[in-house]
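# Structural description and commentary
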Amino acid sequence: MDTSKQPRSKFFGMQLTVSLHQPLGKELGIRIPRPLGHGPSRFIPEKEAAARHQCSYLVNLHVNDFLHVGGDPKWLNGLENAPHKLQNLGELNKILAHRPWLITKEHIEQLLKTEEHSWSLAELIHAVVLLTHYHSLASFTFGCGISPEIHCEGGHTFKLPSVSNYCICDITNGNHGVDETHVSPAGSISTTESFCEVEALMEKMKKLQECRDEEEASQEEMATRFEREKRESMSVCCSEDEESAPTRDVSRHFEDTSYGYKDFSRHGMHVPTFRVQDYSWEDHGYSLVNRLYPDVGQLIDEKFHIAYDLTYNTMAMHKDVDTSMLRRAIWNYIHCMFGIRYDDYDYGEINQLLDRSFKVYIKTVVCTPEKTTKRMYDSFWRQFKHSEKVHVNLLLVEARMQAELLYALRAITHYMT
């Protein structure tokens, strides 16, 4: 592949060449000539979705693509200048990005019955796929520390490295440098502690497997453990309380800039648990997408499986390791944060396998990716390879996309029935 014309970026200080403008990869591309087509309008949902998380890297890519295919530059001065039909996606976009559990069939009905600005079901499915994909792609971009070059608008800047000690709550401060490494209180790099973390994690996996083989928890106990983990996930601080205002360059591409992520049971709000046994991707969402947006359901399903099943059977310096238990814990923890429950999964395993710093990273990348820092990236799995951490990011973004899709597609199904 010729990489000379690919956008260059920084991956937490390491030079990379990336090609994020091919969203699902050449073999899993979703840019087909229906139902939104390849015209300028097609780039508005993608740009608007990336803008919700202030992802200037993706926004700039789609602005360039939009202009390249003849898009009206006036549309870029603010969402209010775009066609009303595309403006109407704003509400769905912000809820999907930040609080997808609030989506109802009424949101769907409003889009499908807006007289001359209405959407067809096929168009709406396409739009939902684009929005959820680009929300997740923003998570991947921030999770891997990808940002434009320093000379580009919104490009990265450098800070002097800090070697001060910090606690979990301080991880989100973002006072880090490009070449920062983990250090001990005395200032020397510690490898013994991180090595022990890997050994301890593998021992926990072994013991959990033995417990599985010996006995199985009752359904009542499984439900209790889910609720406990759900409450625990809300106590994980993924960012500082103060919200940073998005730059004008990004904020003009979406409405209601003050709307962001909030835990689904915050301030007394109660959201019913989404049981996968009642509505799942495999049994319901997949067929709905394929029926209204032919072949794309299959492509998305393959994408989910590639990320979920990918393994080299390694953990840091160890080989021939079955990592399926760990991968499932990561995937199900993300869905748990979205109030989605698998009846056949023991959520007690999550607290055994995912430590606090890892949960901080997961929740930030998935829920408020724009607040991800290198310090957070460094703080978990310190002995693991970068490729293994990138695999974690792939799991995070695909689990997030599936969670958003489940809520949106369930609402569409309720509208249709």
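Attention in this report is confined to the structure presented alongside it. Given the structure is predicted, the values throughout are model-derived calculations rather than measurements.

### Some points on a negative patch on the surface
There is a patch of like negative charges on the surface, built from Glu-203, Glu-210, Asp-213, Glu-214 and Glu-215. With respect to the helices, strands and loops of the structure, Glu-210 is situated in helix 7 (residues 192-214).

### What about the nonpolar core?
The biggest cluster of nonpolar side chains holds 104 residues, and the ones touching the most others in it are Ile-330 and Ile-362. If we skip the residues at most four places from it in the chain, Ile-362 touches Ile-330, Tyr-333, Ile-334, Met-337, Leu-354 and Leu-396.

### Overview of helix 14 (residues 356-367)
The end-to-end C-alpha separation of helix 14 is 16 Å, in line with the 16 Å expected for 12 residues at 1.5 Å each. Most of helix 14 is tucked away, with 11 of its 12 residues classed as buried. Within the span of helix 14, buried status applies to Ser-357, Phe-358, Lys-359, Val-360, Tyr-361, Ile-362, Lys-363, Thr-364, Val-365, Val-366 and Cys-367. In this fold, the buried residues of helix 14 make contact with helix 6 (121-143), helix 8 (219-235), helix 12 (324-337), helix 13 (348-353), helix 15 (374-379) and helix 16 (386-416).

### Some thoughts on the pattern of salt bridges
This model, assessed by the stated rule, comprises 18 salt bridges. Asp-378 is the partner of Lys-374 in a salt bridge, and the nearest nitrogen-oxygen pair spans 2.7 Å. A residue pair is termed a helical-turn pair when its members lie 3 or 4 positions apart in one helix, as Lys-374 and Asp-378 do in helix 15 at four residues. Here Lys-374 falls in the buried class, since its relative accessible area comes to 7%. What emerges from the salt-bridge pattern is a single network uniting Arg-275, Asp-278, Arg-341 and Asp-343.

### Section: the packing of helix 2 (residues 56-68) against helix 6
Taken N-terminus to C-terminus, the directions of helix 2 and helix 6 make an angle of 125°; their axes are 9 Å apart at the nearest point. It follows that helix 2 is oblique to helix 6 by the angle criterion. Across the interface between the two elements, Tyr-57, Leu-58 and His-62 from helix 2 touch Tyr-134, Leu-137, Ala-138 and Thr-141 from helix 6.

### Comments concerning the packing of helix 14 against helix 16
The contact between helix 14 and helix 16 brings their axes to 10 Å, and the two run at 50°. In terms of axis orientation, helix 14 runs oblique to helix 16. Here the hand of the crossing between helix 14 and helix 16 comes out right-handed. Within the contact between the two elements, helix 14 uses Phe-358, Tyr-361, Ile-362, Val-365 and Val-366 and helix 16 uses Val-392, Asn-393, Leu-396 and Arg-400. Residues belonging to the contact of helix 14 with helix 16 are distributed by class as follows: seven nonpolar, one polar and one charged.

### Considerations on the packing of aromatic side chains
This model, assessed by the stated rule, comprises 17 aromatic pairs. Taken together, a centroid distance of 6.1 Å and an interplanar angle of 85° make the contact between Trp-281 and Tyr-286 edge-to-face. Under the relative-accessibility criterion, Trp-281 is labelled buried at 1%. We classify Tyr-286 as partly exposed; its relative accessible area is 23%. An aromatic cluster is built from Phe-358, Tyr-361, Tyr-377, Phe-380, Trp-381 and Phe-384, whose rings are joined through pairwise contacts.

### Regarding the environment of Trp-281
Structurally, Trp-281 is set in helix 10 (residues 281-292). Distance in space between the C-alpha atoms of Trp-281 and Arg-410 is 9.7 Å, their sequence separation being 129 residues. Each residue touching Trp-281, except ones within four places of it in the same chain, is listed here: Tyr-286, Val-289, Gly-297, Ile-300, Asp-301, Phe-304, Gln-402, Leu-405, Leu-406 and Leu-409. In this structure the side chain of Trp-281 is engaged in a polar contact, spanning 2.9 Å, whose partner is the side chain of Asp-301.

### Let's talk about the side chain of Thr-323
Secondary-structure assignment places Thr-323 in the loop between strand 6 (318-319) and helix 12. According to the relative accessible area criterion, Thr-323 is buried, its value standing at 7%. A distance of 3.1 Å separates polar atoms of two side chains, one belonging to Thr-323 and the other to Thr-311. In contact with Thr-323, not counting residues within four places along its chain, are Met-205, Thr-311, Thr-314 and Met-315.

The rules behind these values
- Residues numbered from 1 in each chain as written.
- Predicted model: local features only at pLDDT ≥ 70, side-chain atom pairs only at ≥ 80, totals over all residues.
- Heavy atoms only, no water.
- Patch = residues over 30% accessible without salt bridge, like charges linked within 9 Å, V, L, I, M, F, W, Y side chains within 5 Å.
- Areas by Shrake-Rupley, 256 points an atom, 1.4 Å probe, with all protein chains shown as cover.
- Salt bridge = Lys/Arg side-chain N within 4 Å of Asp/Glu carboxyl O.
- Lys, Arg positive; Asp, Glu negative; His and termini not counted.
- Charge placed at Lys NZ, Arg CZ, Asp CG, Glu CD.
- Helix = DSSP H or I, 4+ residues; strand = E, 2+ residues; numbered from the N terminus.
- Core = buried A, V, L, I, M, F, W, Y, C linked by side-chain atoms within 4.5 Å.
- Buried < 20%, exposed > 50% of the residue type's maximum accessible area, 1.4 Å probe, protein only.
- Contact = heavy atoms within 4.5 Å.
- Expected span 1.5 Å × (residues − 1).
- Axes fitted to C-alpha atoms, helices over the stretch in contact; angles between N-to-C directions.
- Parallel < 35°, antiparallel > 145°, perpendicular 65-115°, else oblique.
- Left-handed = near helix turned anticlockwise from the far one by under 90°.
- Nonpolar A, V, L, I, M, F, W, Y, C, P; charged D, E, K, R; others polar.
- Phe/Tyr/Trp six-rings, centres within 6.5 Å; stacked < 30°, edge-to-face > 60°.
- Polar contact = N/O pair within 3.5 Å; in protein donor to acceptor, adjacent residues only side chain to side chain.

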